[in-house]
Amino acid sequence: LPGLAGAHVRAWGPSAWLLRAAVLLAPLGALALAVPSGPAPAWVWAGTLLLALWWAAMPEGPGGVLCLLGVAGWWARVEPGLPATVLPAAALLLAAHLAALVLGYGPGGLRPSREALVLWGRRGAALAALAVPVWALGRALAAAGDPPVWVWPAAGLAVAGAGLLAAYVAVGERIEG
């Protein structure tokens, strides 16, 4: 079995190595950005490293979700507010997610094309840019105090509606056409 794993790893092209490095290192960078609010204990770092390694080795496996939840959970534990450092942390987690997504397009030996990398890079940059107004809105809402009872259900419906619209645009046209 070790011989098979070695052959599998040797089949990765340079772009796959770069993407796997992003999947591995980006969650650690996002965790490091929370250090000013309180340094994470060694077990949090070790757990994040193990999950990130698992995620980099198996981009479509459950390690990714667990890694993202672990980093976000640590942030929620140590930082109740919305400091500006959540923006680069969110961008790093998004980069790890997108790198894993591109890696999941095919078998381990797949060498993602330049076009696929540019496409997902642009989409990631657009999403990362959208984090800024969402962060600003969150800061404004936090400063305003407790919202009226209807705000969170309305926000949930808006997010669900946006998700349904995105699904229709992505899939609906293929079904109809």
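Relevant structure appears above.
These numbers come from a predicted model, not from an experiment.

Asks: Looking at this structure, how should I read the packing of helix α3 (residues 42-57) against helix α4 (residues 63-78)?
Replies: Packing of α3 against α4 leaves a shortest axis separation of 8 Å and a crossing angle of 150°. Of the possible angle classes, the one that applies to α3 and α4 is roughly antiparallel. At the point where α3 passes α4, the crossing takes the left-handed sense. Of the residues in α4, those in contact with Val-44, Thr-48, Leu-51, Ala-52, Trp-54 and Trp-55 of α3 are Gly-63, Gly-64, Leu-66, Cys-67, Leu-68, Val-71 and Trp-74. Classifying every residue of the contact of α3 with α4 by side-chain character gives 10 nonpolar, 3 polar and no charged.

Asks: Would you mind going over the packing of aromatic side chains with me for this structure?
Replies: Given two aromatic rings, one states the distance between the centres and the angle between the planes to describe the pair. The full count for this structure, using the stated rule, is 1 aromatic pair. For the cation-ring pair, Arg-123 lies above Trp-120, with the distance from its terminal atom to the ring centre recorded as 4.5 Å.

Asks: Would you mind going over the layout of surface pockets with me for this structure?
Replies: Summary: where empty space remains is shown by rolling a probe the size of a single water molecule over the atoms. In this structure, the largest pocket encloses a volume near 590 Å³. Of all the secondary-structure elements, those providing two or more residues to the lining of the largest pocket are α4, α5 (86-103) and α6 (114-144). No other element matches α5, which puts 8 residues into the lining of the largest pocket. Across the lining of the largest pocket, the residue classes break down as 18 nonpolar, 3 polar and 1 charged.

Asks: Quick question: what am I supposed to make of helix α2 (residues 14-32) here?
Replies: Each α-helix turn comprises 3.6 residues. Residues three or four places apart therefore point the same way. Relative to the 27 Å expected for 19 residues at 1.5 Å per residue, α2 spans 26 Å between its end C-alpha atoms, a close match to the ideal helical length. At Leu-25, α2 shows its largest kink, close to 30°, and the proline Pro-27 lies no more than four residues downstream. Of all the residues in α2, the buried ones are Ser-15, Ala-16, Leu-19, Arg-20, Val-23, Ala-26, Pro-27, Leu-28, Ala-30 and Leu-31. Buried-residue contacts for α2 involve α3, α4, α5 and α6.

Analysis parameters
Residues numbered from 1 in each chain as written. Predicted model: local features only at pLDDT ≥ 70, side-chain atom pairs only at ≥ 80, totals over all residues. Heavy atoms only, no water. Axes fitted to C-alpha atoms, helices over the stretch in contact; angles between N-to-C directions. Helix = DSSP H or I, 4+ residues; strand = E, 2+ residues; numbered from the N terminus. Parallel < 35°, antiparallel > 145°, perpendicular 65-115°, else oblique. Left-handed = near helix turned anticlockwise from the far one by under 90°. Contact = heavy atoms within 4.5 Å. Nonpolar A, V, L, I, M, F, W, Y, C, P; charged D, E, K, R; others polar. Phe/Tyr/Trp six-rings, centres within 6.5 Å; stacked < 30°, edge-to-face > 60°. Lys NZ or Arg CZ within 6 Å of the ring centre and 35° of its normal. 1 Å grid on protein atoms, 1.4 Å probe; cavity = no way out; pocket = protein on both sides within 12 Å on 5 of 7 lines; lining within 4 Å. Points joined across faces, edges and corners; volume = space filled by probe spheres on them. Expected span 1.5 Å × (residues − 1). Bend = angle between axes of the 7 residues up to and from the residue. Buried < 20%, exposed > 50% of the residue type's maximum accessible area, 1.4 Å probe, protein only.

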